[in-house]
Amino acid sequence: MRLVFLGAPGVGKGTQADKVSALYGVLKVSTGDLLREAVRNKTALGVEAKSFMDQGKLVPDSVVIGLVRDKLGDPSCEKGFVLDGFPRTVPQAEELGKVLASRHIGLDRVINFQVSREDVVKRLTGRRSCPKCQATFHLDFAPPKAEGICDRCGSGLVQRSDDQREAIETRLKVYDEQTAPLISFYEQQGRLSNLDGGGSVDAVFQNLTKVLAACKTA
Ligand code: AP5
Ligand code: MG
(Lines give C-alpha, C1' and ligand atoms only; values in the text may rest on other atoms or scores of the structure.)
(Ligands and ions follow the chains in the order given, each with its own letter.)
Protein backbone atom coordinates (compact mmCIF):
# COMPACT_ATOMS: atom_id res chain seq x y z
CA MET A 1 0.00 0.00 0.00
CA ARG A 2 1.51 3.31 -1.12
CA LEU A 3 -0.25 6.41 0.14
CA VAL A 4 0.09 10.17 0.34
CA PHE A 5 -1.62 12.11 3.13
CA LEU A 6 -2.45 15.62 2.03
CA GLY A 7 -4.03 18.43 4.03
CA ALA A 8 -3.45 21.66 5.88
CA PRO A 9 -1.31 21.79 9.03
CA GLY A 10 -3.15 20.20 11.97
CA VAL A 11 -5.71 18.18 10.02
CA GLY A 12 -4.43 14.98 11.64
CA LYS A 13 -2.13 13.56 8.96
CA GLY A 14 0.51 12.42 11.45
CA THR A 15 -2.03 10.97 13.90
CA GLN A 16 -3.76 8.93 11.20
CA ALA A 17 -0.47 7.92 9.53
CA ASP A 18 0.66 6.33 12.82
CA LYS A 19 -2.55 4.31 12.97
CA VAL A 20 -2.33 3.20 9.32
CA SER A 21 1.30 2.24 9.82
CA ALA A 22 0.40 0.11 12.86
CA LEU A 23 -2.62 -1.58 11.19
CA TYR A 24 -1.16 -2.31 7.74
CA GLY A 25 2.53 -2.63 8.64
CA VAL A 26 3.61 0.07 6.20
CA LEU A 27 6.27 2.67 6.99
CA LYS A 28 5.24 6.20 7.96
CA VAL A 29 7.51 8.65 6.18
CA SER A 30 6.98 12.13 7.63
CA THR A 31 9.19 14.84 6.17
CA GLY A 32 8.33 17.02 9.18
CA ASP A 33 9.59 14.32 11.59
CA LEU A 34 12.73 13.69 9.49
CA LEU A 35 13.49 17.42 9.39
CA ARG A 36 12.89 17.87 13.13
CA GLU A 37 15.26 14.97 13.79
CA ALA A 38 17.92 16.66 11.62
CA VAL A 39 17.38 19.94 13.51
CA ARG A 40 17.74 18.14 16.85
CA ASN A 41 20.94 16.42 15.72
CA LYS A 42 22.26 19.74 14.35
CA THR A 43 23.22 18.16 11.01
CA ALA A 44 24.07 20.51 8.11
CA LEU A 45 20.62 19.81 6.68
CA GLY A 46 18.99 20.53 10.05
CA VAL A 47 20.83 23.83 10.42
CA GLU A 48 19.65 24.85 6.92
CA ALA A 49 16.05 23.76 7.59
CA LYS A 50 15.58 25.25 11.07
CA SER A 51 14.91 28.89 10.21
CA PHE A 52 12.39 27.95 7.50
CA MET A 53 10.56 25.63 9.89
CA ASP A 54 10.48 28.04 12.84
CA GLN A 55 8.88 30.67 10.62
CA GLY A 56 6.37 28.19 9.17
CA LYS A 57 7.83 28.40 5.67
CA LEU A 58 8.61 25.43 3.42
CA VAL A 59 12.12 24.02 3.37
CA PRO A 60 13.57 24.17 -0.19
CA ASP A 61 12.30 21.42 -2.52
CA SER A 62 15.79 20.06 -3.25
CA VAL A 63 16.36 19.34 0.46
CA VAL A 64 13.13 17.44 1.10
CA ILE A 65 13.19 15.60 -2.23
CA GLY A 66 16.66 14.26 -1.35
CA LEU A 67 15.40 13.12 2.07
CA VAL A 68 12.40 11.26 0.64
CA ARG A 69 14.36 9.70 -2.22
CA ASP A 70 16.81 8.21 0.31
CA LYS A 71 14.01 6.95 2.54
CA LEU A 72 12.03 5.30 -0.27
CA GLY A 73 15.16 3.39 -1.27
CA ASP A 74 15.21 1.78 2.18
CA PRO A 75 14.15 -1.90 2.33
CA SER A 76 11.70 -0.96 5.13
CA CYS A 77 9.55 0.70 2.45
CA GLU A 78 9.14 -2.45 0.39
CA LYS A 79 5.83 -3.38 2.02
CA GLY A 80 4.52 0.10 1.33
CA PHE A 81 4.55 3.54 2.86
CA VAL A 82 2.44 6.45 3.88
CA LEU A 83 3.92 9.81 3.00
CA ASP A 84 2.88 12.34 5.65
CA GLY A 85 3.46 15.95 4.60
CA PHE A 86 5.15 15.16 1.29
CA PRO A 87 4.73 16.23 -1.45
CA ARG A 88 3.85 19.80 -0.58
CA THR A 89 4.54 21.58 -3.86
CA VAL A 90 3.89 20.67 -7.49
CA PRO A 91 7.65 20.23 -8.22
CA GLN A 92 7.86 17.80 -5.24
CA ALA A 93 4.89 15.83 -6.61
CA GLU A 94 6.44 15.68 -10.08
CA GLU A 95 9.73 14.49 -8.62
CA LEU A 96 7.96 11.83 -6.52
CA GLY A 97 6.23 10.59 -9.69
CA LYS A 98 9.64 10.21 -11.36
CA VAL A 99 11.22 8.39 -8.39
CA LEU A 100 8.32 5.90 -8.22
CA ALA A 101 8.24 5.42 -12.01
CA SER A 102 11.96 4.60 -11.97
CA ARG A 103 11.10 1.79 -9.53
CA HIS A 104 8.09 0.69 -11.65
CA ILE A 105 5.62 1.47 -8.87
CA GLY A 106 2.93 4.10 -8.35
CA LEU A 107 0.75 5.62 -5.64
CA ASP A 108 -2.40 3.70 -4.68
CA ARG A 109 -4.20 6.67 -3.18
CA VAL A 110 -3.83 10.30 -2.10
CA ILE A 111 -6.03 11.10 0.89
CA ASN A 112 -7.05 14.74 1.23
CA PHE A 113 -8.00 15.42 4.88
CA GLN A 114 -10.61 18.17 5.21
CA VAL A 115 -11.02 20.04 8.52
CA SER A 116 -12.38 23.55 9.20
CA ARG A 117 -9.84 26.31 9.83
CA GLU A 118 -11.29 26.92 13.27
CA ASP A 119 -10.73 23.28 14.30
CA VAL A 120 -7.25 23.20 12.78
CA VAL A 121 -6.18 26.21 14.85
CA LYS A 122 -7.59 24.58 18.04
CA ARG A 123 -5.71 21.36 17.26
CA LEU A 124 -2.40 23.14 16.62
CA THR A 125 -2.46 25.50 19.58
CA GLY A 126 -3.27 22.63 21.98
CA ARG A 127 -0.81 20.12 20.53
CA ARG A 128 2.08 18.87 22.66
CA SER A 129 4.79 16.74 21.06
CA CYS A 130 7.50 14.43 22.26
CA PRO A 131 10.88 15.72 21.06
CA LYS A 132 12.38 12.24 21.42
CA CYS A 133 9.93 9.76 19.82
CA GLN A 134 7.71 12.34 18.00
CA ALA A 135 4.48 11.05 19.58
CA THR A 136 1.74 13.68 19.51
CA PHE A 137 -0.81 14.65 22.15
CA HIS A 138 -3.41 17.35 22.66
CA LEU A 139 -4.20 19.18 25.88
CA ASP A 140 -7.97 18.62 25.43
CA PHE A 141 -8.50 16.02 22.67
CA ALA A 142 -5.70 13.52 23.37
CA PRO A 143 -4.11 14.28 26.76
CA PRO A 144 -1.18 12.16 27.96
CA LYS A 145 -1.81 9.88 30.96
CA ALA A 146 0.57 11.94 33.13
CA GLU A 147 0.57 15.68 32.52
CA GLY A 148 3.51 16.82 30.37
CA ILE A 149 4.98 13.30 30.00
CA CYS A 150 5.07 11.19 26.83
CA ASP A 151 3.00 7.97 27.22
CA ARG A 152 5.27 6.17 24.77
CA CYS A 153 8.80 6.95 25.98
CA GLY A 154 8.49 8.97 29.22
CA SER A 155 10.20 12.13 27.91
CA GLY A 156 8.95 15.62 28.74
CA LEU A 157 6.46 16.98 26.18
CA VAL A 158 7.05 20.32 24.44
CA GLN A 159 5.15 22.71 22.22
CA ARG A 160 6.57 22.69 18.69
CA SER A 161 8.29 25.99 17.85
CA ASP A 162 6.02 26.36 14.79
CA ASP A 163 2.84 25.89 16.86
CA GLN A 164 2.92 29.53 17.95
CA ARG A 165 0.09 31.66 16.54
CA GLU A 166 2.24 33.68 14.11
CA ALA A 167 3.91 30.60 12.60
CA ILE A 168 0.53 28.83 12.38
CA GLU A 169 -0.84 31.74 10.30
CA THR A 170 2.17 31.55 7.97
CA ARG A 171 1.82 27.76 7.64
CA LEU A 172 -1.85 28.04 6.68
CA LYS A 173 -1.05 30.74 4.10
CA VAL A 174 1.81 28.67 2.68
CA TYR A 175 -0.53 25.66 2.50
CA ASP A 176 -3.15 27.65 0.53
CA GLU A 177 -0.58 29.04 -1.90
CA GLN A 178 1.81 26.14 -2.44
CA THR A 179 0.21 22.87 -1.31
CA ALA A 180 -3.52 23.19 -2.06
CA PRO A 181 -2.81 23.09 -5.85
CA LEU A 182 -1.87 19.42 -5.32
CA ILE A 183 -5.56 18.63 -4.78
CA SER A 184 -6.35 19.23 -8.45
CA PHE A 185 -2.97 17.78 -9.49
CA TYR A 186 -3.91 14.39 -7.99
CA GLU A 187 -7.62 14.74 -8.85
CA GLN A 188 -6.61 14.96 -12.51
CA GLN A 189 -4.63 11.74 -12.08
CA GLY A 190 -7.74 10.03 -10.60
CA ARG A 191 -5.88 9.22 -7.38
CA LEU A 192 -7.55 11.60 -4.91
CA SER A 193 -10.03 10.70 -2.16
CA ASN A 194 -11.44 13.47 0.03
CA LEU A 195 -11.88 12.53 3.68
CA ASP A 196 -13.77 14.39 6.39
CA GLY A 197 -11.14 14.79 9.11
CA GLY A 198 -13.43 16.71 11.46
CA GLY A 199 -14.64 13.90 13.75
CA SER A 200 -12.86 12.15 16.60
CA VAL A 201 -9.55 10.38 15.91
CA ASP A 202 -11.30 6.98 15.93
CA ALA A 203 -14.20 8.12 13.73
CA VAL A 204 -11.78 9.55 11.15
CA PHE A 205 -9.73 6.35 11.21
CA GLN A 206 -12.83 4.22 10.68
CA ASN A 207 -13.75 6.22 7.58
CA LEU A 208 -10.17 6.13 6.38
CA THR A 209 -9.98 2.33 6.58
CA LYS A 210 -13.21 2.13 4.53
CA VAL A 211 -11.68 4.31 1.80
CA LEU A 212 -8.50 2.22 1.84
CA ALA A 213 -10.45 -1.05 1.70
CA ALA A 214 -12.42 0.26 -1.29
CA CYS A 215 -9.27 1.20 -3.18
CA LYS A 216 -7.73 -2.22 -2.43
CA THR A 217 -10.68 -4.00 -4.03
CA ALA A 218 -11.04 -1.50 -6.92
P1 AP5 B 1 4.93 18.98 9.36
O2 AP5 B 1 5.52 18.38 10.56
O3 AP5 B 1 4.54 18.11 8.24
O4 AP5 B 1 3.72 19.88 9.83
P5 AP5 B 1 2.30 20.22 9.13
O6 AP5 B 1 2.04 19.81 7.75
O7 AP5 B 1 2.20 21.66 9.39
O8 AP5 B 1 1.32 19.32 9.84
P9 AP5 B 1 1.25 19.07 11.33
O10 AP5 B 1 2.27 18.06 11.72
O11 AP5 B 1 1.24 20.38 12.06
O12 AP5 B 1 -0.25 18.49 11.46
P13 AP5 B 1 -0.81 17.03 11.20
O14 AP5 B 1 -1.74 17.10 10.05
O15 AP5 B 1 0.26 16.00 11.17
O16 AP5 B 1 -1.69 16.89 12.51
P17 AP5 B 1 -1.47 15.98 13.83
O18 AP5 B 1 -1.78 14.58 13.52
O19 AP5 B 1 -0.16 16.29 14.49
O20 AP5 B 1 5.93 20.08 8.80
C21 AP5 B 1 6.55 21.01 9.65
C22 AP5 B 1 7.47 21.91 8.83
O23 AP5 B 1 8.52 21.12 8.21
C24 AP5 B 1 6.82 22.68 7.67
O25 AP5 B 1 6.20 23.86 8.08
C26 AP5 B 1 8.02 22.92 6.77
O27 AP5 B 1 8.84 23.95 7.24
C28 AP5 B 1 8.80 21.62 6.89
N29 AP5 B 1 8.38 20.60 5.91
C30 AP5 B 1 7.82 19.38 6.18
N31 AP5 B 1 7.56 18.72 5.03
C32 AP5 B 1 7.97 19.54 4.04
C33 AP5 B 1 7.94 19.42 2.62
N34 AP5 B 1 7.44 18.34 2.00
N35 AP5 B 1 8.42 20.46 1.88
C36 AP5 B 1 8.94 21.56 2.47
N37 AP5 B 1 8.99 21.74 3.81
C38 AP5 B 1 8.50 20.73 4.58
O39 AP5 B 1 -2.66 16.57 14.74
C40 AP5 B 1 -2.60 17.91 15.23
C41 AP5 B 1 -3.15 17.95 16.67
O42 AP5 B 1 -4.53 17.61 16.63
C43 AP5 B 1 -2.50 16.95 17.65
O44 AP5 B 1 -2.43 17.55 18.90
C45 AP5 B 1 -3.47 15.76 17.67
O46 AP5 B 1 -3.45 15.09 18.90
C47 AP5 B 1 -4.81 16.45 17.42
N48 AP5 B 1 -5.74 15.64 16.63
C49 AP5 B 1 -5.44 14.86 15.54
N50 AP5 B 1 -6.56 14.31 15.03
C51 AP5 B 1 -7.60 14.77 15.81
C52 AP5 B 1 -9.01 14.58 15.79
N53 AP5 B 1 -9.60 13.79 14.85
N54 AP5 B 1 -9.76 15.22 16.72
C55 AP5 B 1 -9.19 16.02 17.66
N56 AP5 B 1 -7.86 16.25 17.73
C57 AP5 B 1 -7.07 15.63 16.81
MG1 MG C 1 2.36 16.06 11.39
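As shown above, the structure is provided for reference.
Definitions and limits used
- Residues numbered from 1 in each chain as written.
- Chains lettered and ligands numbered in written order.
- Predicted model: local features only at pLDDT ≥ 70, side-chain atom pairs only at ≥ 80, totals over all residues.
- Heavy atoms only, no water.
- Near = heavy atom within 4 Å.
- Polar contact = N/O pair within 3.5 Å; in protein donor to acceptor, adjacent residues only side chain to side chain.
- Areas by Shrake-Rupley, 256 points an atom, 1.4 Å probe, with all protein chains shown as cover.
- Helix = DSSP H or I, 4+ residues; strand = E, 2+ residues; numbered from the N terminus.
- Buried < 20%, exposed > 50% of the residue type's maximum accessible area, 1.4 Å probe, protein only.
- Arc of directions from axis to C-beta.
- Contact = heavy atoms within 4.5 Å.
- Pairing = 2+ DSSP bridges.
- Axes fitted to C-alpha atoms, helices over the stretch in contact; angles between N-to-C directions.
- Nonpolar A, V, L, I, M, F, W, Y, C, P; charged D, E, K, R; others polar.
- Phe/Tyr/Trp six-rings, centres within 6.5 Å; stacked < 30°, edge-to-face > 60°.
- Core = buried A, V, L, I, M, F, W, Y, C linked by side-chain atoms within 4.5 Å.

> Where do I start with the site of ligand 1 in this structure?
Neighbouring ligand 1 are 33 residues; T15, K57, R88, R127 and R171 lie closest to it. G85 has a polar backbone atom sitting 2.9 Å from a nitrogen atom of ligand 1. Contact with the protein chains removes 96% of the 1,000 Å² of surface that ligand 1 exposes when unbound. Broken down by secondary-structure element, the contributors of at least two residues to the shell around ligand 1 are α1 (13–24), α2 (31–40), α6 (117–125) and β6 (136–138). Of all the elements, α2 adds the most residues to the shell around ligand 1, at four residues.

> Even after reading the chapter, I still don't get helix α3 (residues 44–55), so can you show me in this structure?
An α-helix turns once per 3.6 residues; consequently, residues spaced three or four apart project the same way. Of the residues making up α3, those classed as buried are G46, A49 and M53. What you see down the axis of α3 is that its buried residues fit within an arc of 75 degrees, all on one side. Away from the buried face of α3 by more than 90 degrees, exposed residues A44 and V47 are located. Turning to α3, the residues buried within the fold contact α2. Trailing α3 by a residue or two, G56 shows a phi angle of about 90 degrees, which is positive.

> Would you mind showing me how to read the sheet that holds strand β4 (residues 109–114) here?
Paired through backbone hydrogen bonds, the strands of a sheet run either parallel or antiparallel to each other. With parallel pairing, the five strands of this open sheet are ordered in space as β2-β3-β1-β4-β7. The open sheet has two free edges, formed respectively by β2 (27–30) and β7 (192–196), since each of these has just one partner strand. Each neighbouring strand pair of the sheet contributes to a mean axis angle of 25 degrees, computed without reference to strand direction. As judged from the four bridges shared by strand β1 (residues 2–6) and β4, these two strands associate in the parallel manner. Paired with L6 across the strands is N112, a residue of β4.

> Explain the packing of helix α7 (residues 165–179) against helix α8 (residues 181–188) to me, please; I cannot follow it from the model alone.
When two helices pack together, their arrangement is given by the angle between the helix axes and by the axis-to-axis distance. Two numbers describe how α7 lies on α8: the axes approach to 6 Å, and their chain directions differ by 35 degrees. Contacts between α7 and α8 pair Y175, D176, E177, Q178 and T179 from the former with P181, L182 and I183 from the latter. When its residues are assigned to classes, the contact of α7 with α8 shows four nonpolar, two polar and two charged.

> Help me out: how do you make sense of the packing of aromatic side chains in this one?
For any pair of aromatic rings, geometry is given as the distance between the ring centres together with the angle between the planes. As enumerated under the stated definition, the model contains two aromatic pairs in all. Relative to F113, the ring of F5 lies with its centre 5.0 Å away and its plane at 70 degrees, an arrangement referred to as edge-to-face. Here F113 lies in strand β4 and F5 lies in strand β1, a separation of 108 residues in the sequence. The two residues F5 and F113 agree in class, both being buried. Where F185 meets Y186, the ring centres are 5.0 Å apart and the plane angle is 85 degrees; that geometry is what we call edge-to-face. Assessed through its relative accessible area of 2%, Y186 is described here as buried.

> Honestly, the nonpolar core in this entry has me stumped. Any pointers?
Taken as a class, soluble globular proteins show a tendency for nonpolar side chains to be buried jointly. Counting residues in each nonpolar core, the largest one holds 27 residues, and the members touching the most others are L72, F81, L83, L96, L107 and Y186. The set of elements that each furnish at least two residues to this core consists of β1, α2, α3, α4 (61–72), β3 (81–84), α5 (90–102) and α8. Ranked by the residues each element gives to this core, the list is headed by α4, at six residues.

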